[in-house]
Amino acid sequence: MSHQSSASRSARRFGVLLAATALVLTACSTPSAPADEDDDPAAAVGDSTGVTDTTVTIGTHTPLTGPAAAGYSSISAAATAYFAYLNAQGGVHGREIEYIVKDDGYNPANTQTVVRELVQQDGVFAIVNGLGTAPHQAVLDFLNQNKVPDLFVASGSTAWNQPDTYPYTFGFNADYVVEAAALAQYANDELPGKSVCMLGQDDDFGDDFLAGLELALGADGVTAVERYSVSNQDVTAQIGALQAAGCEVVTLATINGFTALAIGTAAQLGWFPQWMASSSGADYPTLAGYLGEAAPQLLQGFVGTNYSPMADDDWVSLFREINDEYNDGAAFDGNTIYGMSVAYTFGQALEAAGENPTRESLLEAVTSGALTGNGIVPVAFGADSHAAYLTVGITRVDAGVQDYVGSTYQVKDGAVTAVEPQPVALTAEGVPGA
Amino acid sequence: MTRLFPRLAGTPRVLVVAGILTLLAIGGTFLLDPYRNFQLATAAAYFCAIGGLTLLVGLSGQLSLGHAALMAAGGYGYALTSIALTGAGLAGAGRFVIALVAGVVAASVLGLLLGLAGARLRGPYLAGLTLAFVIALPAVTSVFSGVFRGDQGLQTAYEPVPELLNRLIALEQWQAWVAIGVTSVVTTALALVRRGAGGLRMRAVRDDETAARLNGVAVRRVKVTAFTVSAAAAGAGGAVLCFVTQSVSPGGYTLAFSLLLLVGAVVGGLGSLGGAAIGAAVIVLLPWVLSLLAGSLDLPAELAQRLSGNLSVLVFGLLLIVVMLVRPGGLAGAFGGRRRGPWVRRSSTSPEPAEAPAPASPSPSPQKQFLAQER
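Residues numbered from 1 in each chain as written. Chains lettered and ligands numbered in written order. Predicted model: local features only at pLDDT ≥ 70, side-chain atom pairs only at ≥ 80, totals over all residues. Heavy atoms only, no water.

1. Points about the overall build of chain A
Reasoning step 1: Regarding its fold elements, chain A presents 13 helices and 13 strands.
Reasoning step 2: Buried residues in chain A amount to 57% of all 434 residues.
Reasoning step 3: Considering only contacts within chain A whose residues lie at least 6 apart along the sequence, 71% involve residues at least 24 apart.
Reasoning step 4: Accessible surface for chain A amounts to roughly 16400 Å². Of this, 50% is attributable to carbon and sulfur atoms. (Helix = DSSP H or I, 4+ residues; strand = E, 2+ residues; numbered from the N terminus. Buried < 20%, exposed > 50% of the residue type's maximum accessible area, 1.4 Å probe, protein only. Contact = heavy atoms within 4.5 Å. Areas by Shrake-Rupley, 256 points an atom, 1.4 Å probe, with all protein chains shown as cover.)

Spelled out as structure tokens, the structure:
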């Protein structure tokens, strides 16, 4: 008994000591308070984390390894090349852009870690073009809680366009509802009476896409719907089910790798329906890389959507030059154009954010409606729209060349309408504000 | 540690030591920036799982390669309950505690089933069974994607810093506190199991099943209990991880991660909770340190891309081989064996509430030693 009490006495003494230590630590520890109560003088006018006199540091998460890497790893390389070009032209307001690219393997669990690293350790000014619906979904709350601008997400989920819930997040891709509605409308216009089916990813990508199809075709207008998950690289069962359902047009809510997988699997089964894919999985050079020698035959007549410049456009010529000079002449494909388009649009936003950009002024610049981007229509950002493209053009592959066919559709107030494209012309050698 | 509280023994000492280490860990969070607090919270969650695993493998002698699946069960249990409670309008501490308990229960039930099947198997067959569990996880989540949302996983509402502490600490620090709190309860419970009659029976079963049975130990029951307790700890770890990141997805609980947990347990020292703490810290910090190193070397872009993600796997393998060659008892043994004094000081700077230095490797007669300690 007596040893118990002496022990508890010594424990108590120890506890008091610890409590005192903890208090001292509280007093002298670095203020781990939220950034908005920073005692930095600049805090009075705004948050300029990641901005120095000579640089602006931004970051992204993207798959450089894993199943999605082959289809998308060239995007961040292209964006990096455009930033190198821009920096060589003097940067934006005299500041060079440093673009930190982190690999998340298209795995939401990794995205959480790398984005925390970017925000809390590397202290980036903004996250630009984080890639993937599921991966980015995992950091959406985190970025908005920490008030980090989350610009131009590389995914067409409608989740990015919620200005009230997520004021810091902006999408870049045409959202999947728009793409699916446009494809379905095109199928209706050009191939009337054919049964339309869907193969889609087992996440918001597939859900949004299906909603778009139903918007254009009505609730029972889709003959059959099959879903796949990225972690299982075998879609034989799904393709077999679609074939059995008598599908004539198969719309694809798939990433590039799975578009190729679906087309290849169907070809092995001797089935050749009309394929129509979301821009996320419709890049001809990338698909051709997957499908190899058979690509020209398998992809003849392949329909997709897009909104970036394509084929023989002034933008494309400039991007080719940049790719040769700053990207070691890497294979030039739709991802290259996409990555550089995003980078150009960010350059525009940063330029519009003023001489001394803050996170607040950057957001103001994006929502001001002054950005144009470089697509087939000016970007649609505004105070109540965090989506870049509500209009997409239909593309088709003919003899190994993918280009716009001229049909362009807009989704507005829940209805699909055909509109005229208004391409943004190249100005000032692609240097924002020059 | 005996020097610290010479008069204290048994359960009270475990509790006092655990309390002190918890306080130290919580005090330590003030020295860390938000990102490192996030890492600390992650390490705490891993500590729960590795602690459970080390008890299972080191004490009861059953091998599990599927602890990631048990963590995932805890994570999904937490997330589903938390989402349901949010829908019912409940928030705050109540939601967290109920969801945490649900996560632990989900993992325990899974562990119980696995243990019931596992008690009939041994060696590679048991390993194969647990392996199948973790491999099946992505398939299960995509087949029942209506509930588990496939690869995308589930997102939960986040628990903000309580009003009272809001001005004092950041979100990450608060999350680290909660993680440390849960972890200390879990690991203290594990330490008590380890020291108590249950632990003694587990060792007896591990060393010689027949002898244990002759001495009246219900071998099957001991094995199943070990699995269930271990699963409960892993489930708590998964729930904490879900609390910290506000999401759970199958991509976070891959086979590679499951094996990494085992590497953590072995590198730290099988059977030792201090070793589990070291293992958890190594698993969290090593990839991060390596990426910092690789980043500072200014490697060509292509090489850097190749190394990204792969380098740490390589180094874990090397580390495991080196530790097994030099210190078969694990890193905890390296500190605890000959130089007891320094280890005590070291452990008090370590952020996790570690248990007293334990004989890391099975010493010649663990029972005798255990009895000597206890009585």
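Still more to cover.
2. Here's the deal with the overall build of chain B
Reasoning step 1: For chain B, the count of helices and strands is 17 helices and two strands.
Reasoning step 2: Sorting the 375 residues of chain B into buried and exposed places 53% on the buried side.
Reasoning step 3: Sequence-distant contacts, at least 24 apart, represent 78% of the contacts inside chain B between residues at least 6 apart.
Reasoning step 4: Here chain B displays about 15600 Å² of accessible surface, and carbon together with sulfur accounts for 68% of that area.

3. Re the sheet that holds strand β2 (residues 96-103) of chain A
All names here are of chain A.
Reasoning step 1: The parallel open sheet is built from five strands, whose spatial order is β2-β1-β3-β4-β5. In the strand order of this sheet, the two ends are held by β2 and β5 (169-171), each with one partner. For this sheet, the mean inter-axis angle between neighbouring strands, taken without regard to orientation, is 20 degrees.
Reasoning step 2: Against the sheet, helix α13 (residues 359-367) engages β3 (126-128), β4 (150-153) and β5, with an angle of about 40 degrees to β4. (Pairing = 2+ DSSP bridges. Axes fitted to C-alpha atoms, helices over the stretch in contact; angles between N-to-C directions.)

4. Some details on the packing of helix α7 (residues 171-195) of chain B against helix α8 (residues 197-207) of chain B
All names here are of chain B.
Reasoning step 1: Taken N-terminus to C-terminus, the directions of α7 and α8 make an angle of 60 degrees; their axes are 4 Å apart at the nearest point. Contacts from Val193, Arg194 and Arg195 in α7 reach Ala197, Gly198, Gly199, Met202 and Arg203 in α8.
Reasoning step 2: Residues that form the contact of α7 with α8 fall into these classes: three nonpolar, two polar and three charged. (Nonpolar A, V, L, I, M, F, W, Y, C, P; charged D, E, K, R; others polar.)

5. Comments concerning the confidence of the model for chain B
Residue and element names in this part refer to chain B.
Reasoning step 1: Here chain B shows a mean pLDDT of 84. Residues at 70 or above account for 86%.
Reasoning step 2: In this model residues 336-375 is a low-confidence stretch, pLDDT under 50, and it forms 72 contacts with partners more than four residues away in sequence or in other chains.
Reasoning step 3: Both scores are available for the predicted complex, with the pTM at 0.78 and the ipTM at 0.71. (pLDDT = per-residue confidence, 0-100.)

6. Notes on the domain arrangement of chain A
Residue and element names in this part refer to chain A.
Reasoning step 1: Per the domain assignment, the segments making up chain A are domain 1 (55-174 + 310-389) and domain 2 (176-306).
Reasoning step 2: For domain 1 and domain 2, the distance between their C-alpha centroids amounts to 27 Å.
Reasoning step 3: In this assembly, 22 residues from domain 1 lie in contact with 19 residues from domain 2.
Reasoning step 4: Both faces considered, domain 1 and domain 2 share a buried interface measuring about 1500 Å² in area, 51% of it formed by carbon and sulfur atoms.
Reasoning step 5: Viewed at the interface, domain 2 and domain 1 are joined by zero salt bridges. (Domains from an automatic or database assignment. Buried area = accessible area lost by both parts, 1.4 Å probe. Salt bridge = Lys/Arg side-chain N within 4 Å of Asp/Glu carboxyl O.)

7. Overview of the packing of aromatic side chains
Reasoning step 1: Taken as a whole, this structure holds 26 aromatic pairs over all chains when the rule is applied.
Reasoning step 2: Considering the side-chain rings of Tyr82(A) and Phe83(A), the 6.2 Å spacing of their centres and the 65 degrees angle between planes classify their relative orientation as edge-to-face.
Reasoning step 3: Judged by its relative accessible area of 0%, Tyr82(A) falls in the buried class.
Reasoning step 4: Summarising the aromatic geometry, the rings of Tyr82(A) and Tyr344(A) are spaced 6.3 Å apart at their centres and angled 80 degrees between planes, so their arrangement reads as edge-to-face. You can see Tyr82(A) sitting in helix α2 (residues 69-88) and its partner Tyr344(A) sitting in helix α12 (residues 334-352), a full 262 residues away along the chain.
Reasoning step 5: These aromatic residues form a ring-pair network of at least three members: Tyr82(A), Phe83(A), Tyr85(A), Tyr99(A), Trp315(A), Phe319(A), Tyr326(A), Tyr344(A) and Phe346(A).
Reasoning step 6: If you follow Arg116(A) out to its NZ or CZ, it ends over the ring of Phe38(B), 4.2 Å from the centre. (Phe/Tyr/Trp six-rings, centres within 6.5 Å; stacked < 30°, edge-to-face > 60°. Lys NZ or Arg CZ within 6 Å of the ring centre and 35° of its normal.)

8. Comments concerning a nonpolar patch on the surface
Reasoning step 1: Together, Val97(B), Val101(B), Val105(B), Val109(B), Leu112(B), Leu113(B) and Leu116(B) line one region of the surface with nonpolar side chains, adding up to about 580 Å² of accessible area.
Reasoning step 2: Mapped onto the elements, Val105(B) comes out in helix α4 (residues 93-118). (Patch = residues over 30% accessible without salt bridge, like charges linked within 9 Å, V, L, I, M, F, W, Y side chains within 5 Å.)

9. Points about the nonpolar core
Reasoning step 1: The biggest cluster of nonpolar side chains holds 114 residues, and the ones touching the most others in it are Ile58(A), Tyr82(A), Phe83(A), Phe152(A) and Phe346(A).
Reasoning step 2: Ignoring anything within four residues of it in the chain, the contact list for Phe83(A) reads Ile58(A), Ile97(A), Tyr99(A), Ala343(A) and Phe346(A).
Reasoning step 3: The next biggest cluster of nonpolar side chains, apart from the first, holds 96 residues, and it includes Leu137(B), Ala179(B), Ala276(B) and Leu290(B). (Core = buried A, V, L, I, M, F, W, Y, C linked by side-chain atoms within 4.5 Å.)

10. Brief notes about unusual backbone geometry
Residue and element names in this part refer to chain A.
Reasoning step 1: The backbone phi angle of tyrosine 106 is positive, close to 60 degrees, even though this residue is not glycine.
Reasoning step 2: Assignment of secondary structure puts tyrosine 106 in the loop between β2 and α3 (108-121).
Reasoning step 3: For glutamate 429, which is not glycine, the phi torsion reads 55 degrees and is therefore positive.
Reasoning step 4: Within the secondary structure, glutamate 429 is located in the segment after β13 (415-418).
Reasoning step 5: Residue glutamate 429 is classed as exposed on the basis of its relative accessible area of 53%.

11. Digging into the state of the cysteines
Residue and element names in this part refer to chain A.
Reasoning step 1: All told, the structure shown has one disulfide over all chains when counted by the stated rule.
Reasoning step 2: The disulfide bridge from cysteine 197 ends at cysteine 247, spanning 2.0 Å between sulfur atoms. Across the S-S bond linking cysteine 197 and cysteine 247, the dihedral sits near -90 degrees, which makes this disulfide left-handed. Taken together, the positions of cysteine 197 in strand β6 (residues 196-201) and cysteine 247 in the loop between α7 (236-244) and β8 (249-253) put the pair 50 residues apart, joining distant regions of the chain. (Disulfide = S-S within 2.5 Å.)

12. Things to note about helix α10 (residues 219-245) of chain B
Residue and element names in this part refer to chain B.
Reasoning step 1: Taking 1.5 Å of rise per residue, 27 residues should cover 39 Å, and α10 covers 39 Å from first to last C-alpha, within 8% of that figure.
Reasoning step 2: In terms of burial, α10 is a largely internal element, 23 of the 27 residues being buried.
Reasoning step 3: Phi for glutamine 246, located one or two positions after α10, is positive at around 55 degrees. (Expected span 1.5 Å × (residues − 1).)

13. A look at the side chain of Thr169(A)
Residue and element names in this part refer to chain A.
Reasoning step 1: Mapped onto the elements of the fold, threonine 169 is located in strand β5.
Reasoning step 2: By relative accessible area, which is 0% here, threonine 169 ends up buried.
Reasoning step 3: Among the polar contacts made by the side chain of threonine 169, one reaches the side chain of aspartate 150 at a distance of 3.0 Å.
Reasoning step 4: If we skip the residues at most four places from it in the chain, threonine 169 touches Leu140, Asn144, Asp150, Val153, Trp160 and His386. (Polar contact = N/O pair within 3.5 Å; in protein donor to acceptor, adjacent residues only side chain to side chain.)

14. Points about the pattern of salt bridges
Reasoning step 1: Tallied over the entire structure, the rule returns 10 salt bridges over all chains.
Reasoning step 2: We note a salt bridge from Arg359(A) to Asp47(A), for which the minimum N-O separation is 3.0 Å. Taken as a pair, Arg359(A) in helix α13 and Asp47(A) in the loop between α1 (2-28) and β1 (55-62) lie far apart in primary sequence, 312 residues in all.
Reasoning step 3: Accessibility expressed as a relative area gives 4% for Arg359(A), which makes it buried.
Reasoning step 4: The structure contains a network of salt bridges with shared partners spanning Asp204(A), Asp207(A), Arg227(A) and Arg149(B).

15. What to know about a negative patch on the surface
Reasoning step 1: On the surface, Glu321(A), Asp324(A), Glu325(A) and Glu429(A) cluster together to form a negatively charged patch.
Reasoning step 2: For Glu321(A), a relative accessible area of 53% translates into the label exposed. (Lys, Arg positive; Asp, Glu negative; His and termini not counted. Charge placed at Lys NZ, Arg CZ, Asp CG, Glu CD.)

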